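As a plain string of letters, each chain reads:
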Amino acid sequence: MPASVSAQLRMCDGLEVVLSEVGERIALLHGSLARRKRTSARIDELADYLRRLASLQPVSLAPLQALADAVIAEAQAGEPLRFLYASPSDPSRFAAAHSLTVAQVLARLLIDDTEWQAQLQLAIMAALVHDVGMTRVPASLLLTQGPLDSEQRRLIEKHATVAEAMLTTLWPGGGWPVEAATCHHERNDGTGYPLGHQQINLSSIVRLIAVCDVYAALCAARPHRAAFDTRTALTETLMLAEREYLDKASAERLLRLSFYPVGSAVELNDGAVGLVIATHRDSPGMAHPDRPIVHLAIDAEGQPLDWPTVVDLLEHTDRSILRSLSAAERRAVLGNRYPLV
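Residues numbered from 1 in each chain as written. Predicted model: local features only at pLDDT ≥ 70, side-chain atom pairs only at ≥ 80, totals over all residues. Heavy atoms only, no water.

**Concerning the overall build of the protein**
Stated formally: Every helix listed is a DSSP run of H or I at least four residues long, and every strand listed is a run of E at least two residues long, numbered separately from the N terminus. Remark: exposure states derive from per-residue accessible area (1.4 Å probe, protein chains only) relative to the maximum for the residue type, with buried under 20%, exposed over 50%, and partly exposed in between. The contact rule is simple, with two residues in contact once any of their heavy atoms fall within 4.5 Å. Per-residue and other accessible areas were derived by the Shrake-Rupley procedure at a 1.4 Å probe size, with only the shown protein chains allowed to occlude residues.
Across its full length, the protein holds twelve helices and five strands. A buried classification covers 46% of the 341 residues belonging to the protein. By sequence separation, contacts in the protein at least 24 residues apart represent 63% of the contacts at least 6 residues apart. Accessible surface, the protein as shown: approximately 16300 Å² in total, 55% of it carbon and sulfur.

**Some points on the pairing of strand E2 (residues 273–278)**
Heads up, the condition is: In short, DSSP must find at least two bridges between two strands for them to pair.
Pairing between strand E1 (residues 265–268) and E2: three bridges, direction antiparallel. From the neighbouring strand, Glu267 faces E2, where its bridge partner is Val273. Remark: four residues form the turn of the hairpin made by E1 and E2, two consecutive strands paired antiparallel; Gly271 in that turn has positive phi of roughly 100°. Examined bridge by bridge, E2 and strand E3 (residues 293–298) share five bridges and lie antiparallel to one another. When the sheet's bridge partners are listed, Val276 is paired in E3 with Val294.

**Considering the packing of helix H3 (residues 91–110) against helix H9 (residues 204–218)**
Selection rule: Here, axes are lines fitted to C-alpha atoms. For helices the fit covers the stretch in contact, and angles between N-to-C directions go from 0 to 180 degrees. Roughly parallel covers angles under 35 degrees, roughly antiparallel covers those over 145, roughly perpendicular covers 65 to 115, and oblique covers all other angles. Whether a crossing is left-handed or right-handed is set by the direction in which the near helix is turned from the far one by less than a right angle, anticlockwise for left-handed and clockwise for right-handed. Only Asp, Glu, Lys and Arg are considered charged, only Ala, Val, Leu, Ile, Met, Phe, Trp, Tyr, Cys and Pro nonpolar, and every remaining residue, Gly among them, polar.
Where H3 meets H9, the closest approach of the two axes is 9 Å, and the angle between their N-to-C directions is 125°. Relative to H9, the element H3 lies oblique. By crossing handedness, the relation of H3 to H9 is classed as right-handed. Across the interface between the two elements, His98, Thr101, Val102, Val105, Leu106, Leu109 and Leu110 from H3 touch Ile205, Leu208, Ile209, Cys212, Asp213, Tyr215, Ala216 and Ala217 from H9. Partitioned by chemical class, the residues of the contact of H3 with H9 number twelve nonpolar, two polar and one charged.

**Here we look at unusual backbone geometry**
Peptide bonds are, in most cases, trans, and in most cases residues other than glycine have a negative phi. Between Tyr193 and the following residue, Pro194, the backbone shows a cis peptide bond with an omega angle of 10°. The topology assignment puts Pro194 in the loop between helix H8 (176–183) and H9. With a phi angle near 70°, Ser258 is a residue other than glycine that sits in the positive phi range. Among the structural elements, Ser258 can be located in the loop between helix H11 (248–252) and E1. For Ser258, a relative accessible area of 1% corresponds to the buried category.

**Focus: helix H4 (residues 120–129)**
Side chains of residues three or four places apart in an α-helix project in the same direction, reflecting 3.6 residues per turn. Most of H4 is tucked away: eight of the ten residues are buried. Turning to H4, its buried residues number three or more, namely Leu120, Ala123, Ile124, Met125, Ala126, Ala127, Leu128 and Val129.

**Thoughts on the side chain of Glu267**
Examined against the element boundaries, Glu267 turns out to sit in strand E1. Here Glu267 falls in the buried class, since its relative accessible area comes to 19%. Apart from the residues within four sequence positions on either side, Glu267 is in contact with Ala272, Val273, Ser320, Ile321, Leu322, Arg323 and Leu325.

**Focus: the pattern of salt bridges**
To be explicit about the condition: For this document, the term salt bridge refers to a Lys or Arg side-chain nitrogen within 4 Å of an Asp or Glu carboxyl oxygen.
Scanning the model with the defined rule gives 13 salt bridges in all. Taking the shortest distance from any N to any O, the salt bridge between Glu329 and Arg323 comes out at 3.0 Å. A single network of salt bridges, built from pairs that share partners, joins Arg42, Glu74, Glu79 and Arg82.

Written out as structure tokens, the structure reads:
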């Protein structure tokens, strides 16, 4: 230590700044770890619930209601949309991770819809169990990396057929929650499965869950392909609707998420990197899905920003999003300051 008391005090001031920064980093890491544990536990909880449904064991609606309420609360709080993944080696966890993502997407599309407020919990519950039939698909089939033959496709398509019997414990009288599980692969042009129903036969919520199902699946990795970035996934979903494969009005509701949902890490056209913190949900017709509000973390020179800098791309027309970052890129560029949620 320096002999001078004043020098010692200045050094202590510097140490306090360093320790404060270290404390903030540790808090971020602890928060990220807690969220990951909570997410993993949630997947395990839903996977176990789906297994019990698939084996026709008696189950209560209460755990499903609690999980739906948690998903709704996160949507209301504006928390990041997380695209979850679990290995197909465990079909129940695979189905649970996908179904949780579908439920997250659906919650964000319905959260401000006055027509659905009274049945919002039920809609999210339906999304959480819509893929229960996938628990019966052999893991070896889900892990297939090449094209499926006709027999393999028939085996996978059976997951929609068997779902009805699995859900009678929850909804003995049937209704659209059961229809969502049995018909979310039906298509407007009649080319879907298992029955080849057309649009006139499907309720609006089933058509919307079908759209969320496709979008969520595209945003997650599969054994035969990498995950699509969110802009590509949304564009692909809209194109399927244009070809009368999905319901067009339902697909267009995805624009409320923007091309880059809250929580996305993005690179701007000047080289800056940031996180999407909000979208312009109330703009007419959601006319600007490519111009959300971004919290910059890295400046155009590649240097971390010490002070929060928020850019509304709808106002700063000279700046735009060049691309979204993959999970690996986010870890490399932002991992120390902004751990993956």
